[in-house]
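These are the residues of each chain, in order.
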Amino acid sequence: MGSKIVHFLDNIESYICRTLLVLFVTLLFAQIVSRQLFGYSFSWSEELSVYMFVWFVFFGASYAAKLAAHNRVTFQYKLMPAKVPPVLEVISDLIWIGFNCYFVYLSYDFVFNKMNLFWKSQTLGIPMKYIYMVLPIAFALMTFRIIQVNYFKLVKGVDIRDPESQELDELIDDAHHIDENNNK
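So, here is what we can say about the structure in this document. (Residues numbered from 1 in each chain as written. Predicted model: local features only at pLDDT ≥ 70, side-chain atom pairs only at ≥ 80, totals over all residues. Heavy atoms only, no water.)

The next subject is helix α3 (residues 43-66). In this model, α3 (24 residues) spans 36 Å end to end at C-alpha, consistent with the 34 Å of a helix rising 1.5 Å per residue. Those residues of α3 lying buried are S45, E47, S49, Y51, M52, F59, A61, S62, A64, A65 and K66. Where α3 is buried, its residues touch α1 (2-10), α2 (12-38), α4 (84-114), α5 (128-132) and α6 (134-154). At the exit of α3 stands A68, carrying a positive phi of roughly 55°. (Helix = DSSP H or I, 4+ residues; strand = E, 2+ residues; numbered from the N terminus. Expected span 1.5 Å × (residues − 1). Buried < 20%, exposed > 50% of the residue type's maximum accessible area, 1.4 Å probe, protein only. Contact = heavy atoms within 4.5 Å.)

Have a look at this one:
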């Protein structure tokens, strides 16, 4: 039971993103069918799907941090000694964590201290505070994921890399081996 809870929490962004994706695509599809077949449009569906998409993007960014799949400029690392790139990655991750922590502070302050309680979404009537809650939640979760990835890399020695970059590295290695075999 405990391991299932840990597994669920470790993959929470994935589950949230999948759920949001299914919901907002279904909602948009229903809106299109309703408009085309019945000539009727739900006024609230577009606004809700936009909010779900925004939440999807922010939780997707956290999920990408968990997979170490955020875009980075790394071509210069190939020109450096092998010990330098890991140090530079840690420094850039520390800067990223600092930015995220500052953004968590700013967004928390905005949502809980500066936002007017009477600001509501136009068609749904939901207080905007609940919509903007994604900012401190997602950036805090992203910060946790960056720390988690660095813990696995630096303490546990686990190589966490973006699955696509791993595939690209394997393709490049295969191409080098083919070139070496052809040159022999």
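Enumeration according to the criterion identifies 6 salt bridges in this entry. Between D10 and K66 there is a salt bridge whose closest N-O contact spans 3.8 Å. Note that D10 is positioned in helix α1 and K66 in helix α3, a separation of 56 residues in sequence. Since its relative accessible area comes to 16%, K66 is described here as buried. K153 is the salt-bridge partner of E89, the closest N and O atoms lying 3.4 Å from each other. (Salt bridge = Lys/Arg side-chain N within 4 Å of Asp/Glu carboxyl O.)

Core analysis: the largest hydrophobic core is formed by 13 residues, its most contacted members being F59, V134, M142 and I146. With 7 residues, the single largest contributor to this core is α6. Once residues lying within four places of it in the same chain are set aside, the contact partners of M142 are A61, S62, A65, H70, W96 and N100. (Core = buried A, V, L, I, M, F, W, Y, C linked by side-chain atoms within 4.5 Å.)

Turning next to the packing of α2 against α3. Direction vectors running N to C along α2 and α3 enclose 155°, while the axes themselves pass 8 Å from each other. When the interaxial angle is binned, α2 and α3 end up roughly antiparallel. When the axes of α2 and α3 are compared, the crossing they make is left-handed. Of the residues belonging to the contact of α2 with α3, the class tally is 16 nonpolar, 6 polar and 4 charged. (Axes fitted to C-alpha atoms, helices over the stretch in contact; angles between N-to-C directions. Parallel < 35°, antiparallel > 145°, perpendicular 65-115°, else oblique. Left-handed = near helix turned anticlockwise from the far one by under 90°. Nonpolar A, V, L, I, M, F, W, Y, C, P; charged D, E, K, R; others polar.)

Moving on to unusual backbone geometry. The phi angle at A68 is positive, at roughly 55°, despite the residue not being glycine. Here A68 lies in the loop between α3 and α4.

This part covers the environment of M133. Checked against the element boundaries, M133 lands in the loop between α5 and α6. When the C-alpha atoms of M133 and S92 are compared, they prove to be 27 Å apart, with 41 residues separating the residues in sequence. Setting aside anything within four residues of it in sequence, one finds M133 in contact with V111 and F112.

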